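Architecture and fold: a report
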Amino acid sequence: MVGKVSLSGAVLLLTQAASAFYLPGVQMVTYKRGDDVPLFVNSLSSPETLLPIEYYNLPFCTPKEIEYKSENLGEYLTANRIENSPYVLKFLEPKTCAVLCTTTYNSKQVHKFATMVQEKYRVNWIVDNLPASVKYDDVLELGFPLGNYNKDLDKTPRLNNHVKIRIAYNNLDDFTTPNPDEGRIVDFVVIPQSYDYKSKNLVAGETPARMNVCEPAANEPKELYLLETPDKDVEITWTYSVEWVEDNERTWRTRWDVYFEVGSGSDEVHWFSIINALLIVLFLSGMVGMILMRSLHRDISRYNRVPTEEERMEEREES
């Protein structure tokens, strides 16, 4: 009887453990109105240099404490460095022209931004395990450009200091009727823009702070060009807007389908990172092999060496 009870208890525990198991990054999350939706930042990538740059190596706005998201071996090999961000997203709560931070940059920092814009670096964000994408003429690209620079048209690079975050959600999936206060994220699109804000654009008396314009309009600020005044400090205000769009045609299970057709050059970056890691492993293996060979060669030479008369006399005395 005791054996039967123990066996049934073990089966029950195994069943509960199996039902609680899920693969990291694959768990379905249902958000309710007002829930925090974390926005994570990833390494910046460039199709030209193929060298990923950690996000906070550039002087972006930072949270109070930078925390790394747990990574697996594949993420390390692909040079992904996923960290938290200061962006505040609340499910189904839109924002318009919210100020993230205002920072004064010295000439060295401005030149760093300008160089990375010229090298076509792209910013990579993650929301609910979906990578940020940008659409140009119905063409989807992963990540969004840090800025824009056309050497034939622009004298200096332009920095994208404003982003419009458009998140689509499904509130009908697994529900009999649409739920206005719950949903699952099915798309994450970012629209980058460049604005040279002035103090007059700040809305007075509002908390949190926001600007009075950040959409294309007749009275919009001009674009933010870098290096217009070399060797001078530049004050840059970073802003963002959040828009929530209901999309019940796309389900949570099929939300990744659009990404499978995207080609943004990221495969080249991944291959470069993997080859770089393999070269480091081969170099270290060669170093260890050389040390072992030298040690073995020294020992073999010592054993094969013909002993002198003094050494023979010492061996005889010891024996």
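Position numbers for residues count from 1 along each chain, tracking the sequence in the order it is written. It should be noted that, the model being predicted, local features are given only for residues of pLDDT at least 70 and side-chain atom pairs only at 80 or more, the latter also being counted only at that level, while totals for whole chains, interfaces and linings use all residues. Side-chain metrics rest on all non-hydrogen atoms present in the structure, leaving aside hydrogens and water.

Applied cut-off: UniProt positions are given in the numbering used here, feature names are shortened, and annotations may be inferred rather than shown by experiment.
Under the annotation held in an unreviewed UniProt entry, the protein carries the name Transmembrane 9 superfamily member and is attributed to Aphanomyces astaci. UniProt, in its Subcellular location (unreviewed entry) section for the protein, records the words "Membrane". According to UniProt, the comment filed for the protein under the heading Sequence similarities (unreviewed entry) is "Belongs to the nonaspanin (TM9SF) (TC 9.A.2) family."

Notes on the overall build of the protein
Going by this rule: Secondary structure elements are defined from DSSP: runs of H or I of at least 4 residues count as helices, runs of E of at least 2 residues count as strands, and each element is numbered from the N terminus. Classification of residues uses two cut-offs on accessible area relative to the type maximum, computed with a 1.4 Å probe and protein chains only: under 20% is buried, over 50% is exposed, and between them is partly exposed. Here a residue-residue contact requires only that any non-hydrogen atoms of the pair lie within 4.5 Å. Surface accessibility in these figures is a Shrake-Rupley result with a 1.4 Å probe; residues are shielded only by whichever protein chains are displayed.
For the protein, the count of helices and strands is five helices and 14 strands. Within the span of the protein, comprising 319 residues, buried residues form 35% of the whole. A sequence separation of at least 24 residues applies to 74% of the contacts in the protein between residues at least 6 apart. Accessible area of the protein: about 20000 Å², with a carbon and sulfur share of 56%.

Digging into the packing of aromatic side chains
Basically, it comes down to this: Side-chain rings of Phe, Tyr and Trp, where Trp is taken by its six-membered ring, are said to pair if the distance between their centres is within 6.5 Å; with planes under 30 degrees apart they count as stacked, over 60 as edge-to-face, and otherwise as tilted. Charge over a ring is defined by NZ of Lys or CZ of Arg lying within 6 Å of the ring centre and within 35 degrees of the ring normal.
Per the stated rule, a full pass over the model turns up 14 aromatic pairs. Here Trp125 and Phe144 contribute two aromatic rings whose centre-to-centre distance is 4.9 Å and whose plane-to-plane angle is 75°, an arrangement assigned as edge-to-face. Of this pair, Trp125 sits in strand E5 (residues 125-127) while Phe144 sits in strand E9 (residues 144-145), and the two are 19 residues apart along the sequence. Residue classification places Trp125 among the buried positions, given a relative accessible area of 2%. Taken together, Tyr55, Tyr56, Phe60, Tyr105, Phe113 and Trp238 form an aromatic cluster joined through their ring pairs. Cation over ring: Lys69 sits above Phe40, and NZ or CZ is 4.7 Å from the ring centre.

Examining the UniProt feature "transmembrane region" (unreviewed entry) in the protein
Here, UniProt's "transmembrane region" (unreviewed entry) annotation points to residues 271-293. This span, residues 271-293, is 100% helix and 0% strand, and a straight line between its end C-alpha atoms measures 32 Å.

Focus: the state of the cysteines
Rules: The disulfide definition used here is simple: a pair of cysteine sulfur atoms within 2.5 Å.
Evaluated as defined, the whole model comprises two disulfides. Residue pairing for Cys97: its cysteine sulfur links by disulfide to Cys214, the two sulfurs lying 2.0 Å apart. An S-S torsion of about -85° defines the bridge between Cys97 and Cys214 as left-handed. Highlighted residues: Cys97 in strand E3 (residues 95-105) and Cys214 in the loop between strand E13 (182-193) and strand E14 (234-246), separated in sequence by 117 residues.

A few points about a nonpolar patch on the surface
Rules: Residues qualify for a patch when their relative accessible area is over 30% and they have no salt bridge, like charges being joined within 9 Å and the nonpolar side chains of Val, Leu, Ile, Met, Phe, Trp and Tyr within 5 Å. Note on definitions: salt bridges are taken to be side-chain nitrogens of Lys or Arg within 4 Å of carboxyl oxygens of Asp or Glu.
Taken together, Ile280, Phe283, Leu284, Met287 and Met290 make up a surface patch of nonpolar side chains, about 530 Å² in accessible area. Note on placement: Ile280 falls in helix H4 (residues 266-304). The class of Ile280 is partly exposed, set by a relative accessible area of 45%.

Considerations on empty space enclosed by the protein
We count it as follows: Method remark: on a 1 Å grid restricted to protein atoms, a set of points is classed as a cavity if a 1.4 Å probe fits but cannot get out and as a pocket if it is open with protein on both sides within 12 Å along at least five of seven lines; lining residues have an atom within 4 Å of a point. Grid points are joined across faces, edges and corners, and a volume is the space filled by probe spheres set on the points. Residues are grouped as follows: Ala, Val, Leu, Ile, Met, Phe, Trp, Tyr, Cys and Pro are nonpolar; Asp, Glu, Lys and Arg are charged; every other residue, Gly included, is polar.
A full pass over the atoms with the stated rule returns two cavities of 30 Å³ or more. In this model, the largest cavity occupies a volume close to 90 Å³. As for the largest cavity, its lining consists of 14 residues, of which Tyr87, Phe144, Asn160, Val163 and Trp238 are closest to the centre. Classifying every residue of the lining of the largest cavity by side-chain character gives ten nonpolar, four polar and no charged. Its boundaries defined by the atoms lining it, the second largest cavity holds a volume of some 40 Å³. Taken together, Ser107, Val110, His111, Leu226, Leu227, Glu228, Thr229, Pro230, Asp231, Lys232 and Val234 make up the full set of residues lining the second largest cavity. By residue number, the principal contributor to the lining of the second largest cavity is helix H3 (residues 107-118), which donates three residues.

Quick notes on the confidence of the model for the protein
Note the following rule: Note on scores: pLDDT gives the predictor's confidence for each residue, bounded by 0 and 100.
When pLDDT is averaged along the protein, the result is 83, and 82% of the positions lie at 70 or above. Low pLDDT, under 50, characterises residues 1-25; the stretch is placed with two contacts to residues that sit more than four places away or in other chains.

Brief notes about unusual backbone geometry
Both trends apply: most residues other than glycine have a negative phi, and most peptide bonds are in trans. The omega angle of the peptide bond from Thr207 to Pro208 is 0°, so this bond is cis rather than trans. Residue placement: Pro208 occurs in the loop between E13 and E14. Despite not being glycine, Lys120 shows a phi value in the positive range, around 60°. Taking the relative accessible area as the measure of exposure, Lys120 reaches 47% and is therefore partly exposed. In this structure, Leu227 takes a positive phi of about 65° despite not being glycine. Along the chain, Leu227 falls in the loop between E13 and E14.

A word on the environment of Asn124
Of note, Asn124 is situated in the loop between strand E4 (122-123) and E5. The sequence separation of Asn124 and Ser43 amounts to 81 residues, and the corresponding C-alpha distance is 6.5 Å. Once residues within four sequence positions are removed from consideration, Asn124 is found in contact with Phe40, Val41, Asn42, Ser43, Leu44, Ser45 and Gly143.

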